Amino acid sequence: MIDYEASGGGVEESKKLKLYSYWRSSCSCRVRIALNLKGLDYEYKAVNLVKGEQFSPEYLKLNPIGYVPVLVDGDIVVADSFAILMASIACSSSLYLEEKYPQHPLLPQDLQKRAINYQAANIVSSSIQPFQNLAVLKYIGEKVGPDERLPWVKYCIGNGFAALEKLLKGYAGKYATGDEADLFLAPQINVAIKMFKLDMVVPSSLFPPGKK
Ligand SMILES: N[C@@H](CCC(=O)N[C@@H](CS)C(=O)NCC(=O)O)C(=O)O
């Protein structure tokens, strides 16, 4: 059951960041990684996507499209992992996490590596994750057939990662584009392996010696 009230109790409690999330959601996982890197304490608000809690009238007031994640910071509601994480860095005048909580920067300083990081994040968030979303798989299951769901997911993830492997070659540090964490890539790999049981062996050519 979700509690949509701004405050559970007390002033301190209401000031705490709240993250509406689902445990299996790679989009929410991007934000969880960033909040942890920045050392920000937050209240976890579970939204059960399988039970359809994202479509309740209360939740749709937070995010009209009915997706997780949503971050609530006092009176401010920010929906969409890209808006929460990246918009701040892409346009210097706008928000959110990076500008408000600048500790532990989320992106490389180097402009070329930063551009590659955006590109990789966009491949994941525009060209892989939307195609494996619950709503899409439900539609394919109903209109085409349940057995067509996994081949479809495999095709979309495979296609996206074939591009990512080419794009990221030569940029890796500790993570894919340097020493900043893979906010978009890591949760996507996790879903591919844990949820869809895909073989995600990364070719050694992606990593310079000693950086695996
Ligand atoms: N562009 C959005 C996409 C959010 C999204 O697709 N979230 C998925 C979970 S990863 C979701 O809530 N799916 C619910 C559904 O398919 O009904 C973001 O990056 O936050």
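Quick caveat, the model's predicted, so the values are computed rather than measured. (Residues numbered from 1 in each chain as written. Predicted model: local features only at pLDDT ≥ 70, side-chain atom pairs only at ≥ 80, totals over all residues. Heavy atoms only, no water.)

**A few points about the site of the ligand**
1) Next: The environment of the ligand is made up of 16 residues, and the closest members are Gln-54, Val-68, Asp-80, Ser-81 and Asn-133.
2) Next: Within the side chain of Gln-54, one N or O atom sits 2.9 Å away from an oxygen atom of the ligand.
3) Next: Separating an oxygen atom of the ligand from a side-chain N or O atom of Gln-129 is a distance of 3.0 Å.
4) Next: Expressed as a share of its isolated accessible area of 510 Å², the protein-covered part of the ligand is 90%.
5) Next: Contributions of two or more residues to the shell around the ligand are made by α2 (26-37) and α8 (134-143).
6) Next: The biggest single contributor to the shell around the ligand is α2, with three residues.
7) Next: In the shell around the ligand, the residues fall into eight nonpolar, six polar and two charged.
8) Next: For the shell around the ligand, the domains that each give at least three residues are domain 1 (11-100) and domain 2 (111-206). (Near = heavy atom within 4 Å. Polar contact = N/O pair within 3.5 Å; in protein donor to acceptor, adjacent residues only side chain to side chain. Areas by Shrake-Rupley, 256 points an atom, 1.4 Å probe, with all protein chains shown as cover. Helix = DSSP H or I, 4+ residues; strand = E, 2+ residues; numbered from the N terminus. Nonpolar A, V, L, I, M, F, W, Y, C, P; charged D, E, K, R; others polar. Domains from an automatic or database assignment.)

**Some details on the sheet that holds strand β3 (residues 70-73)**
1) Next: Pairing is mixed in the open sheet, where four strands are placed in the order β2-β1-β3-β4. Edge positions in the sheet fall to β2 (42-46) and β4 (76-79), since each has one partner strand and no second. Between one strand and the next, the sheet's axes are offset by a mean angle of 20 degrees, whatever the strand orientation.
2) Next: Inspection of the sheet shows β3 paired to β4 by four bridges, in the antiparallel sense. Of the residues in β4, the one forming a bridge with Val-70 is Ala-79.
3) Next: Each of β1 (17-21), β2 and β3 touches α2; the most contacted strand, β1, lies at about 155 degrees to it. (Pairing = 2+ DSSP bridges. Axes fitted to C-alpha atoms, helices over the stretch in contact; angles between N-to-C directions. Contact = heavy atoms within 4.5 Å.)

**A look at the nonpolar core**
1) Next: Counting residues in each nonpolar core, the largest one holds 41 residues, and the members touching the most others are Leu-35, Leu-71, Leu-85, Leu-97, Ile-157, Leu-164 and Leu-168.
2) Next: Contributions of two or more residues to this core are made by β1, α2, α4 (81-85), α7 (111-127), α9 (149-168) and α10 (185-194).
3) Next: Each of domain 1 (11-100) and domain 2 (111-206) gives at least three residues to this core.
4) Next: Apart from the residues lying within four places of it in its own chain, the contact partners of Leu-71 are Leu-17, Lys-18, Leu-19, Leu-35, Ile-76, Val-77, Val-78, Ile-84, Tyr-96 and Leu-97. (Core = buried A, V, L, I, M, F, W, Y, C linked by side-chain atoms within 4.5 Å. Buried < 20%, exposed > 50% of the residue type's maximum accessible area, 1.4 Å probe, protein only.)

**What about the domain arrangement of the protein chain?**
1) Next: Domain annotation for the protein chain reports domain 1 (11-100) and domain 2 (111-206).
2) Next: Here domain 1 and domain 2 have C-alpha centroids that lie 21 Å from each other.
3) Next: Taken together, the 17 residues of domain 1 in the interface contact 20 residues of domain 2.
4) Next: Each partner contributes to the roughly 1400 Å² buried at the junction of domain 1 and domain 2, and carbon and sulfur atoms together form 73% of this total.
5) Next: Counting every contact that joins domain 1 to domain 2 gives zero salt bridges.
6) Next: Here domain 1 is connected to domain 2 by zero residue pairs in polar contact (both at pLDDT 80 or more).
7) Next: Those elements that provide at least two residues to the side of domain 1 that touches domain 2 are α2, α4 and α5 (87-90).
8) Next: Ranked by residues supplied to the side of domain 1 that touches domain 2, first place goes to α2 with seven residues.
9) Next: Looking at the side of domain 1 that touches domain 2 residue by residue, the classes come out as 13 nonpolar, two polar and two charged. (Buried area = accessible area lost by both parts, 1.4 Å probe. Salt bridge = Lys/Arg side-chain N within 4 Å of Asp/Glu carboxyl O.)

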